[in-house]
Amino acid sequence: MFIPDYLVNEQFDDRYFDVVNALDEAQQIYFENNNLLDRLKIAVQANTPFRIGETGFGAGRIVVALLEYLNKNGLKKITIEYNSVELFPMTSERMLKILDGFKDRVVGEINALVEAYKSVDITVTGWHKMKVEQSFGTLYLNLWIGEALEMLNSLENPCDVWFLDGHGPKKNPSIWRPELLLEVGKKTKKGGTCSTFTVAGVVKRALIDAGFELVKLPGCGGKNHVLQGVKG
Ligand SMILES: C[S@@+](CC[C@H](N)C(=O)[O-])C[C@H]1O[C@@H](n2cnc3c(N)ncnc32)[C@H](O)[C@@H]1O
C-alpha cells in the first residue's frame, strides 16, 4: 500500500497510525478494552475527576477518536483530564493534513482539536494546556512537549487509564524502556488500567514489573492480539 510521506514520523521511520481503520482501532484497544464508558459514568456519579494519560500524542488521532466516541454515546456533563506527551511536535497544518482522511466521519472533532492545538507554541517545552468543549462535556488536554519520562515525573496526579501508543518497540524502544513504564505504573491509580497495541515480550515484562496484571485480548487492524493491564 502506498503511504504518503506526511503520514510517516521521520524520526522513527514509522507511520503515526494505521491509515485505514485507526478510529475504530482506538475505540477497541483504548476505550472498549478499558471499559471507559462505564468507568466514566461511575466517576461522574461519584463526582471524582477522570484522568487519562497517553504516551505519544502524534497527530492527536486518539483524542479525535475519543471525542467521537463520547459524543456518539450520548454522554453529558463529562469532564476529562487528558495528559499526553510529544517529543517531536508537529505543526497544526501537518496535523490537519494527517487527520484529513477522517474528515467525512469526524470533521467537527478534528476542527475542535486543531483549533485548540493552534494555541500551542510547539517550540516551548513543558506543559501546554488546552480546552476542548463538546456535546459530552469538556476535555482538558494537557500536552507535555518533551520526553515522556520528564512528563511522567512532572505529572502531579495518578491517572485512571493509560493509552500506550509510542510506535512499535522495535522502531522506538525508548518509549517502552522499563524505567519509563515503571513510572507509568506509579502514576496509575490502584485498580486503574493501561492498554496498548503491542504484545512484545519486552513491553509485557516491563508492564508486569510496573505492577500491572496483563491480559491478551483479540486484536484488530491486522494484529492478532493487543494488551490490557490492571494495576494491582
Ligand atoms: C505512534 S505515534 C502516536 C500516535 C498518536 N497517539 C495518534 O494517535 O495520533 C508515537 C508518538 O510518540 C512520540 N514519541 C516517541 N518517543 C517519544 C518519547 N520518548 N517521548 C515523547 N514522545 C515520544 C513520537 O514522536 C510520535 O509522535
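Placed above this text is the structure.
Residues numbered from 1 in each chain as written. Predicted model: local features only at pLDDT ≥ 70, side-chain atom pairs only at ≥ 80, totals over all residues. Heavy atoms only, no water.

**Student:** Help me understand the overall build of the protein chain, please; the structure alone is not making it clear to me.
**Tutor:** When you go through the protein chain residue by residue, the secondary structure sums to 8 helices and 10 strands. Radius of gyration (C-alpha) of the protein chain: 16 Å, near the 17 Å computed for a compact globule of 232 residues. Here the C-alpha coordinates of the protein chain stretch approximately 40 × 40 × 35 Å along the principal axes. Relative to its full complement of 232 residues, the protein chain shows a buried share of 56%. Sequence separation of 24 or more characterises 72% of the internal contacts of the protein chain that already satisfy a separation of 6 or more. The positive charge centre, built from 27 side chains, and the negative charge centre, built from 29, are 5 Å apart in the protein chain. (Helix = DSSP H or I, 4+ residues; strand = E, 2+ residues; numbered from the N terminus. Rg over C-alpha atoms; globule rule 2.2 N^0.38 Å. Buried < 20%, exposed > 50% of the residue type's maximum accessible area, 1.4 Å probe, protein only. Contact = heavy atoms within 4.5 Å. Lys, Arg positive; Asp, Glu negative; His and termini not counted. Charge placed at Lys NZ, Arg CZ, Asp CG, Glu CD.)

**Student:** Quick question: what am I supposed to make of the sheet that holds strand E3 (residues 50-55) here?
**Tutor:** Each strand in a sheet pairs with its neighbour through backbone hydrogen bonds, running either in the same direction (parallel) or in the opposite one (antiparallel). Pairing within the open sheet is mixed, and its 8 strands lie in the order E5-E6-E4-E3-E7-E8-E10-E9. Single-partner strands in this sheet number two, and they are strand E5 (126-134) and strand E9 (212-218). With strand direction ignored, the average angle separating the axes of adjacent strands in the sheet is 20°. Bridging between strand E4 (residues 78-86) and strand E6 (residues 137-145) involves 9 bridges; their strand directions are parallel. (Pairing = 2+ DSSP bridges. Axes fitted to C-alpha atoms, helices over the stretch in contact; angles between N-to-C directions.)

**Student:** Even after reading the chapter, I still don't get the packing of helix H7 (residues 178-186) against helix H8 (residues 201-209), so can you show me in this structure?
**Tutor:** Packed helices, taken two at a time, are described by the angle their axes make and the gap between the axes. Where H7 meets H8, the axes come as close as 8 Å, and the angle between the chain directions of the two elements is 45°. When the axes of H7 and H8 are compared, the pair comes out oblique. For H7 against H8, the interelement crossing comes out right-handed. Where H7 abuts H8, its residues Pro-178, Leu-181 and Leu-182 lie against Val-203, Ala-206, Leu-207 and Asp-209. A per-class count over the contact of H7 with H8 returns 6 nonpolar, no polar and 1 charged. (Parallel < 35°, antiparallel > 145°, perpendicular 65-115°, else oblique. Left-handed = near helix turned anticlockwise from the far one by under 90°. Nonpolar A, V, L, I, M, F, W, Y, C, P; charged D, E, K, R; others polar.)

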